[in-house]
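Residues per chain are reported as follows:
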There are 2 protein chains.
Amino acid sequence: MRTLAKKKKPKVATAKPQRRSEQGADKRELILAAALDEFSQNGFASARLDDVAKRANVAKGTIYLYFKDKESLFQELLRTQISPVMGMLEAVLAGGKDAKPVPLRELAHRVADLFVEQVIATRRKDIVRLILTEGPRFPKLAEFYYREVISRGLGALRARAERAVKEGELKSDALVRFPQLIVAPALTAIMWKSMFDKFEPLDAKALMKAHIENLFDKEERQ
Amino acid sequence: MRTLAKKKKPKVATAKPQRRSEQGADKRELILAAALDEFSQNGFASARLDDVAKRANVAKGTIYLYFKDKESLFQELLRTQISPVMGMLEAVLAGGKDAKPVPLRELAHRVADLFVEQVIATRRKDIVRLILTEGPRFPKLAEFYYREVISRGLGALRARAERAVKEGELKSDALVRFPQLIVAPALTAIMWKSMFDKFEPLDAKALMKAHIENLFDKEERQ
DNA sequence: GACTTATGACTGACTAGTCAGTCATAAATT
DNA sequence: AATTTATGACTGACTAGTCAGTCATAAGTC
């Protein structure tokens, strides 16, 4: 028995694809990509690590050099893949914090565009779907997401909605009480695309646009 | 192999809790109820039929007297539990078909109430969640739902929205193009309740009310 | 710079455990 | 006693996780 095998995670700090097999895209990334495919196709329980390994062109044991077990691989996948989006989201929400205040309506369009382009149109939508579908069975994950993504995102939206009410951009406080209403159609779009798109394709961008116009248009129609 | 086991379904027509063990709620129903618990707690793949049997106070073999296999049990569960709701829904949507036309706004409130009371507040919300989460892995099921529930429901909503536009109740055709927008928050509420309710409880009824007011309120504000 | 030794990333056959589905037998019913 | 309904021990397919061994490369030695 290898006495040190416990906390392995080699190269965690370097991030360089070093030595042996120079084309060597980092194995870790290969495995994560393969895992996304398998998990989003089969769900956590039915996904086989043998298949992940095969897809990543790696032996099964290699997975265990980089991840403690199946669940760690899964959770790490879901955690790491969202942070870039959160970064962008925060940038968008912050934009206009200082100088001229961007109207909430404009902000909503930007957030929607970001979401459509960076999530719904990419494989990240599968990440979101996995969180929605497997979340209830992984309390740690649900808590992480609530803390890091949901409460932050909705908190920011709520703050902007509050300001919009004060400044007269919004007449109703519905969005302050339920900022979820701003993003609800985005979730619906994700679920739709993964189940019903083959029967009736959905234009997510148009959907979000129509939704936001619904929320704001009438405000301005005197 | 029992040659008849294929299309078994004993007593399928009677629907009476008959004979033996007079407290005897029909075994079939017992099994379905237990299955809902296990499946919604663990998902299809991780749910164990041993546990379903235990919960239903029945031997494992008994399950196979009533259902062909695990997947049949699952699919039948999801199919049968929604039809009563569809019945109610159709009643609501038909109400006002003949005499005085109920405004779409009023209709939306009724649909929302129905959904909140009959689905979100009950164990049926778990049925919907299972459909959303497992649907992609059961194409037959997804197709069934699209055909029997989604396209019908959205079709009805779309027709009413069209009329509302013609009659001036709605200024925008957004709801005609995307009737999904009417129900999106309901799905969000279901997902929220199963993942985040313990961190931040959501008042689904108030959410739906705020949403519908958002959609219609401003139309009428001169 | 050739030759030897050391390293550790990588492999995949193997183990131990799980669970859907079966079936010989028993109980209940008619 | 014949038939229907129920039981639960059992089987076999499947898979997460392990670990002894391999080998490409790096480091040390002359």
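Heads up: these notes are all about the structure in this document. (Residues numbered from 1 in each chain as written. Chains lettered and ligands numbered in written order. Predicted model: local features only at pLDDT ≥ 70, side-chain atom pairs only at ≥ 80, totals over all residues. Heavy atoms only, no water.)

1. Structural notes on the packing of aromatic side chains
Residues and elements named next belong to chain B.
So, point 1. In this structure the tally under the stated criterion is 20 aromatic pairs over all chains.
So, point 2. Here phenylalanine 39 and phenylalanine 44 contribute two aromatic rings whose centre-to-centre distance is 5.8 Å and whose plane-to-plane angle is 20 degrees, an arrangement assigned as stacked.
So, point 3. For phenylalanine 39, a relative accessible area of 0% corresponds to the buried category.
So, point 4. Ring centres of phenylalanine 39 and phenylalanine 74 lie 4.9 Å apart, and the angle between their planes is 70 degrees; on these two criteria the pair is classed as edge-to-face. Highlighted residues: phenylalanine 39 in helix H1 (residues 27-46) and phenylalanine 74 in helix H4 (residues 70-80), separated in sequence by 35 residues. (Phe/Tyr/Trp six-rings, centres within 6.5 Å; stacked < 30°, edge-to-face > 60°. Buried < 20%, exposed > 50% of the residue type's maximum accessible area, 1.4 Å probe, protein only. Helix = DSSP H or I, 4+ residues; strand = E, 2+ residues; numbered from the N terminus.)

2. Brief notes about the packing of H4 of chain B against helix H7 (residues 124-134) of chain B
Residues and elements named next belong to chain B.
So, point 1. Here H4 crosses H7 at 125 degrees, and the two axes come no closer than 9 Å. The orientation of H4 relative to H7 falls into the category oblique. In this structure, the crossing between H4 and H7 has a hand that is left-handed. Residues Phe74, Leu77 and Leu78 of H4 pack against Ile127, Leu130, Ile131 and Glu134 of H7.
So, point 2. For the contact of H4 with H7, the residue count by class is 6 nonpolar, no polar and 1 charged. (Axes fitted to C-alpha atoms, helices over the stretch in contact; angles between N-to-C directions. Parallel < 35°, antiparallel > 145°, perpendicular 65-115°, else oblique. Left-handed = near helix turned anticlockwise from the far one by under 90°. Contact = heavy atoms within 4.5 Å. Nonpolar A, V, L, I, M, F, W, Y, C, P; charged D, E, K, R; others polar.)

3. Points about the interface of chain B and chain A
So, point 1. At the interface, 49 residues of chain B touch 49 residues of chain A.
So, point 2. Roughly 4,400 Å² of surface becomes buried between chain B and chain A when both sides are summed, with 69% attributable to carbon and sulfur atoms.
So, point 3. Here chain B is connected to chain A by 4 residue pairs in polar contact (both at pLDDT 80 or more).
So, point 4. When contributions to the side of chain B that touches chain A are tallied by element, the ones reaching two or more residues are H1, H7, helix H8 (139-166), helix H9 (174-177), helix H10 (180-195) and helix H11 (204-220) of chain B.
So, point 5. In terms of residue count, H10 of chain B provides more of the side of chain B that touches chain A than any other element does, 10 residues in total. (Buried area = accessible area lost by both parts, 1.4 Å probe. Polar contact = N/O pair within 3.5 Å; in protein donor to acceptor, adjacent residues only side chain to side chain.)

4. Section: the relation of the copies chain B and chain A
So, point 1. Of the transformation superimposing chain B on chain A, the axial component is 0.0 Å and the angular component is 180 degrees, with the fit at an RMSD of 0.1 Å. The symmetry that links the two subunits is that of a two-fold axis. In terms of C-alpha distance to the rotation axis, chain B has threonine 133 of chain B as its closest residue, with the C-alpha 2.4 Å off the axis. (Least-squares fit on C-alpha atoms with pLDDT ≥ 70 in both.)

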